[in-house]
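# A structural walkthrough
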Amino acid sequence: MYRGNNTQQAASHIETALQYLNEAKSLLLRAKNDQRINLCLNVGALEEIHNTLMDPECTPEIAEGHGELEYVPMFDDCIWDGERIEETKTLLFHEFIENGG
């Protein structure tokens, strides 16, 4: 399966959501609804997350090309993977022994 940079996709989705949320915030402010304060705080937090994601210094992968595609193998964390579980248990056991457990 091929897909673009996940960080770029997430930032794009957040940007779209912010457009809708800012419209809702304006409507609630005009209506003087009590929920306007909660929405304002949450929109502000989401804007801060978006700004961090879009800052190349904080998130270097955002500076990568938008047109690039990377191969990502299909993987489902919910599928039972006995071999992977056994490897993890073995690794944890060895770490326990090495740390004098």
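## Concerning the overall build of the chain
Of the regular secondary structure elements, the chain holds 3 helices and 2 strands. Of the contacts formed within the chain by residues at least 6 apart in sequence, a portion of 64% connects residues at least 24 apart. For the chain, the exposed surface amounts to about 8,200 Å²; the carbon and sulfur share of it is 56%.

## Some details on unusual backbone geometry
The residue Lys32 is not glycine, and still its phi comes out positive at about 55 degrees. Using a relative accessible area of 65% as the deciding quantity, one classes Lys32 as exposed.

## Looking at helix H1 (residues 6-31)
Taking 1.5 Å of rise per residue, 26 residues should cover 38 Å, and H1 covers 37 Å from first to last C-alpha, within 8% of that figure. Those residues of H1 lying buried are Thr7, Gln8, Ala11, Ile14, Leu18 and Lys25. Immediately beyond the C-terminal end of H1, within one or two residues, lies Lys32, with a positive phi of roughly 55 degrees.

## Focus on the side chain of His50
Along the polypeptide, His50 turns up in helix H2 (residues 36-54). Taking the relative accessible area as the measure of exposure, His50 reaches 11% and is therefore buried. Contacts of His50, omitting those with residues within four sequence positions, involve Ala11, Ile14, Glu15 and Leu18.

## As for the nonpolar core
Side chains of a nonpolar character, in soluble globular proteins, are inclined to be buried together. Counting 6 residues, the largest nonpolar core consists of Ala11, Ile14, Leu18, Leu39, Val43 and Leu53. When neighbours within four sequence positions are excluded, Leu39 is seen to be in contact with Leu21, Ala24, Lys25 and Leu28.

## Points about the packing of H1 against H2
Here H1 crosses H2 at 155 degrees, and the two axes come no closer than 9 Å. When the axis of H1 is compared with that of H2, the two are roughly antiparallel. For H1 against H2, the interelement crossing comes out left-handed. Between H1 and H2, the contacting residues are Thr7, Ala11, Ile14, Glu15, Leu18, Leu21, Asn22, Ala24, Lys25, Leu28 and Leu29 on the first element and Arg36, Leu39, Cys40, Val43, Leu46, Glu47, Ile49, His50, Leu53 and Met54 on the second.

## Examining H2
With 19 residues, H2 ought to run about 27 Å at 1.5 Å a step, and its terminal C-alpha atoms sit 26 Å apart, in line with that. Among the structural elements, H1 are those in contact with the buried residues of H2.

## Re the environment of Lys25
Inspection of the secondary structure assignment puts Lys25 in helix H1. For the pair Lys25 and Gln35, spaced 10 residues apart in sequence, the C-alpha separation works out to 9.2 Å.

## With respect to the confidence of the model for the chain
Per-residue confidence for the chain averages 77 on the pLDDT scale, and 71% of its residues sit at or above 70. For the chain, the element scoring lowest by mean pLDDT is strand E1 (residues 2-3), at 42; H1 scores highest, at 91.

Definitions and limits used
- Residues numbered from 1 in each chain as written.
- Predicted model: local features only at pLDDT ≥ 70, side-chain atom pairs only at ≥ 80, totals over all residues.
- Heavy atoms only, no water.
- Helix = DSSP H or I, 4+ residues; strand = E, 2+ residues; numbered from the N terminus.
- Contact = heavy atoms within 4.5 Å.
- Areas by Shrake-Rupley, 256 points an atom, 1.4 Å probe, with all protein chains shown as cover.
- Buried < 20%, exposed > 50% of the residue type's maximum accessible area, 1.4 Å probe, protein only.
- Expected span 1.5 Å × (residues − 1).
- Core = buried A, V, L, I, M, F, W, Y, C linked by side-chain atoms within 4.5 Å.
- Axes fitted to C-alpha atoms, helices over the stretch in contact; angles between N-to-C directions.
- Parallel < 35°, antiparallel > 145°, perpendicular 65-115°, else oblique.
- Left-handed = near helix turned anticlockwise from the far one by under 90°.
- pLDDT = per-residue confidence, 0-100.

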